[in-house]
Amino acid sequence: MTHLMETDVVVVGGGVTGVAVLRDLALRGVHAVLVERFDLGTGTSGRWHGLLHSGARYAVRDQESARECIEENTTLRRIAPHTIEDIGGLFVLLPGDDEAYAGQFVEGCKASGIPTEELSQAAAHRREPLLAPDLKLAFAVPDGGIDSWSLLRSMAADAEARGCRVLVRHPIVGMERDGDRITAVRVHDAVAGEDRTIGCQWVVNAAGAWAGDVGRMAGVPITMIAGKGVMVVMASRYVHGVVNACRKPADGDIIVPQHEVAILGTTSVQVDSPDDISVPPADVDRMIDMCAQMVPAIGSGRVLRAFAGSRPLYKPEAPAGGGSGGLKGSPPEGRDGEAGGDTREVSRTFTVLDHASRDGLDNMFSIVGGKLTTCRQMAEAVVDRLAERMGVTEPCRTATEVLPGADHGTHQQAAPLARVERDQAYGELLCECELVTRGQVRDAVASGLTELEDLRRKLRVGYGPCQAAFCAWRAAGILAEADGKDPEGSGEPRGDAPVDRDRDPLVGLERFLEERWRGQRSTIWGDQARQALLNHAIYRGIFDLRGTGVPDEAAAALEGPA
Amino acid sequence: MRADVVVVGAGPAGLASAARLAETGRQVLLLARGNGFTHWGAGAVDVLGRVGGETVDRPLAAIDRLPEGHPYHLVGREAVRDGLDWFSRFAATAGLTHAGDPDRNRAQVTAFGTLRPTCLLPEPAAGPGTGSGGFLGGRVAVVNFAGFRDFSPVLCAASLRKAGIDAGAASAPLPAWDHDRYFTGVELARAIDDAGFRRRLAPGLARAAAGAEVAVVPAVLGLNRGHEPWADLQTLVGTPLVEAATVPPSIPGLRLFAAYRARLEALGVRWQFGFPAVGVERDGDRVTAVRSEGASRVQATRCQELVLATGGVAGNGIEANRDGTLTERVAGLPVQGFDGRLAYLGDRFLAEHPLAAAGVRVDAELRPVDAAGEPLATNVHCVGGLLAGHDPTAEGSREGVALATAARVAALLAATTVR
């Protein structure tokens, strides 16, 4: 049987963990191919609040996770500063909060190696003027913001520069086994519409919340708990740095400023499937009301969107027969969890599963649990085990090798404005909300991006308060021009190329608008209701688009994080 | 302060109501929070473009197919005709002649290359031919002015070709001007007002349109001189020019707004712009004064009649609350709410949205009514987008409802004694 390609290792899953595994392998000189069903970062890695954990959030209850976080927080600042907003964080104690918890918090941080600084009410207000006037005190911690798409792009680019491959829009559909070994991974090329196989020596399952599905294809049981978290996007930042409630983690206790917006988080509810990313309006209301206790202005603020992500929580099997649990990470305590239950009691640490000793499947590992902040460490743990089995002696270098792009230092909030001012590009703005220029879009299209969705993840087109009212169709025009039909400025009537239905720019635009809509449904009232009806009056009223290019099933299945 | 009539809102309904009431000799004060749908729309007069999702050819006839309670049913077909006739006369007098027939819809070309159904079109958008859709016959050059970001000739031409129109895309260079690096449609339109600029622009536009029978361009051909810059440029280029509707602000809408403003000033209408009405004072079943924000305080204007033209949710006449209830913002009139905010909108953006049709229920004299259908105030009349029972965007009825209800209000108040 001939394969599409042969490789040493197939990595399944294009979230931060999978891409970190790919980079780790690349740095050790191992050839690997990553397969992802949609685009990079479309699962949990793109559906989260963007917090670079200091670990303080886990300092009281889960100190192993806390220690992992502070270690990786420090490492990521070194290897990927360009993906990080170095904004710091506060834990605020409000009237009614348990002061004893504050004591445990400080002790826990100390024990976990997380530096804290106690701030008086006045000092906290100097730092964050919009904090509740009656807060009692606050603790400063080294939280930060991190842009996971930027991190993904840098890690993937580094891995590809070292000879590894990334195949997006290649969902895995099966595995070929020969006795105790997997010989090939079967994928579906969603663009070409064909199934293909990739011959391999090893498989790393880094599918996160979907790791159980991949396990099933390989014939090994992996029980994941889908822990849904709802997040709300506010139209402005409100705070300079991250703000957490200094209490036992609960709904609506964190505000993460990110680029031009703030993200409120989060719920933690067990659901039946990681694909359940529905957003009940009551959850949105609770996020806002809870976060408004810390920053009252949020209570009457403008809400852009809400979205949900699925935490990749791992539930170890009860020890039975020779099967052992994980190789790293203590067994989580607390409830088993059933649909609807709170999943906060499940540890946020990670676990490497060697399916040889666990299930008698010789050449597959899974890496489960964990968090974005610890993705590099997770990759190191699983690749260390894999390398040992492969006989690769090259040590892990991901903690010291700096990522491409890192030479610009940490991301500064006003960087887009500074760039526009430097280039005098006011007239070239395509997206006023996010300060994206036509030049940036043209460059991105020239580099091979073909979809508005891709432009959004790379450039933030469509993220701002108007939710794509003006930028989407300007960008669609540039995409249409890039299809090689009529370069602007030719001065000649041209454009006789037949319209390819799949590349019809209006269909792509309609899909994009429907995807943006999905995340707005539960947050539309007040000003946003006006904005939504204005956008409708533009696209349906003026431009007479009726969405006929997007079939219902396609609209329902639209991929992509908020 | 006092006035015979206070009109609140400066969208298509408020502007037409104020003008028509002033024409009957009433002393009118127009209060407005800001601009309305002249600026945000397609720059056309939509009367009825679609019913039940199906495209309408004969808008006045299709009124029969609208559901009960629609504003057109309340005012009657003759008020629609009266509103359109009045508008056509007013616009032509102001140098903004419109083409079209109230009994027959026609197509308006958009920057997306779609052909939207509408009724009356300003001449620059109407095209050389007559009838519906046939105005883009033969070879069509879709031409942008180089560097103008709100128009993509490639996108437009590709869609027109899908509709069977022989369209190609091109770009015309702009002569050197003050805004060679940064410009909006408004600035470009203002530049095109200048005859010298047009002379320098024409040769490049003519080259881009060479061989075509019609050139489709973005709707930016002049701002303050009516349709004269369009007509002049068309003559210089030697090819019929058709303005395509693009994103707000609508330049044709700005031309119309300026014409309204001039007309209202000529009629002696007082005008407070940027000062929203925030409440009313009542005496029994009458409103006696309108409270509005002033420079330093809330002021009350005593009035005989109040006309609310504040718009629906989109126009800011109604606030959609987090819990699914709706609040009318000036007089606190009742508005039917929803079973939670998820019911406001459809699951698909480009579908229809129940919230767009939310509004104030009125009687045949356009007076707000309670749940039992009894008038809540005898001297308050609602017009335009504020009215319940119509979806201006999905139906394509915004300007038609505005003009028809303005006509009705003018007729009603003309019949009452002038104080």
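Residues numbered from 1 in each chain as written. Chains lettered and ligands numbered in written order. Predicted model: local features only at pLDDT ≥ 70, side-chain atom pairs only at ≥ 80, totals over all residues.

### What about the overall build of chain A?
Link 1 in the chain: When its secondary structure is counted, chain A shows 16 helices and 22 strands.
Link 2 in the chain: Burial statistics for chain A: of 562 residues in total, 57% are counted as buried.
Link 3 in the chain: Pairs at least 24 residues apart make up 72% of the contacts formed inside chain A by residues separated by at least 6 positions. (Helix = DSSP H or I, 4+ residues; strand = E, 2+ residues; numbered from the N terminus. Buried ≥ 20, exposed ≤ 12 C-beta atoms within 10 Å, placed from the backbone. Contact = placed C-beta atoms within 7 Å.)

### Considerations on the overall build of chain B
Link 1 in the chain: Scanning chain B from N- to C-terminus turns up 13 helices and 19 strands.
Link 2 in the chain: Radius of gyration (C-alpha) of chain B: 22 Å, near the 22 Å computed for a compact globule of 419 residues.
Link 3 in the chain: For chain B, the spread of C-alpha atoms along the three principal axes comes to 70 × 40 × 40 Å.
Link 4 in the chain: For chain B, with 419 residues in total, the buried portion stands at 58%.
Link 5 in the chain: Residue pairs in contact within chain B that sit at least 24 positions apart in sequence constitute 68% of those at least 6 positions apart. (Rg over C-alpha atoms; globule rule 2.2 N^0.38 Å.)

### Considerations on the sheet that holds strand 8 (residues 144-146) of chain A
Residue and element names in this part refer to chain A.
Link 1 in the chain: Read across the sheet, three strands follow the order 3-8-4 without closing on themselves; strand pairing throughout is antiparallel. Every other strand in the sheet has two partners, leaving strand 3 (51-52) and strand 4 (84-85) as the edge strands with one partner each.
Link 2 in the chain: Two elements, strand 4 and strand 8, share two bridges in a ladder whose sense is antiparallel. For Ile84, the partnering residue across the bridge sits in strand 8 and is Ile146. (Pairing = 2+ DSSP bridges.)

### Let's talk about the pairing of strand 12 (residues 241-244) of chain B
Residues and elements named next belong to chain B.
Link 1 in the chain: Residues Leu241 and Glu243 of strand 12 are buried on one face, and the alternating residues Val242 and Ala244, pointing to the opposite face, are buried as well.
Link 2 in the chain: Relative to strand 12, strand 11 (residues 214-218) is paired through four bridges, and the arrangement is parallel. What sits directly across from Val216, in strand 12, is Val242.
Link 3 in the chain: Between strand 11 and its parallel partner strand 12, the chain crosses via helix 10 (residues 228-237), and the hand of that crossover is right-handed. (Right-handed = clockwise from strand over helix to strand, strands pointing away.)

### Looking at the domain arrangement of chain A
All names here are of chain A.
Link 1 in the chain: Per the domain assignment, the segments making up chain A are domain 1 (84-145 + 226-312) and domain 2 (414-556).
Link 2 in the chain: Once you take the C-alpha centre of each, domain 1 and domain 2 turn out to be 32 Å apart.
Link 3 in the chain: Listed as interface residues are 13 residues of domain 1 and, on the opposing side, eleven residues of domain 2.
Link 4 in the chain: Per-element accounting of the side of domain 1 that touches domain 2 gives the leading share, five residues, to strand 18 (residues 303-314).
Link 5 in the chain: Split by residue class, the side of domain 1 that touches domain 2 holds nine nonpolar, one polar and three charged. (Domains from an automatic or database assignment. Nonpolar A, V, L, I, M, F, W, Y, C, P; charged D, E, K, R; others polar.)

### As for the environment of B:Ala157
Residues and elements named next belong to chain B.
Link 1 in the chain: Counting through the fold element by element, Ala157 comes out in helix 7 (residues 153-162).
Link 2 in the chain: On the basis of neighbour counts, which here come to 30 C-beta atoms within 10 Å, the residue Ala157 falls in the buried class.
Link 3 in the chain: For the pair formed by Ala157 and His390, sequence separation is 233 residues and the distance between their alpha carbons is 33 Å.

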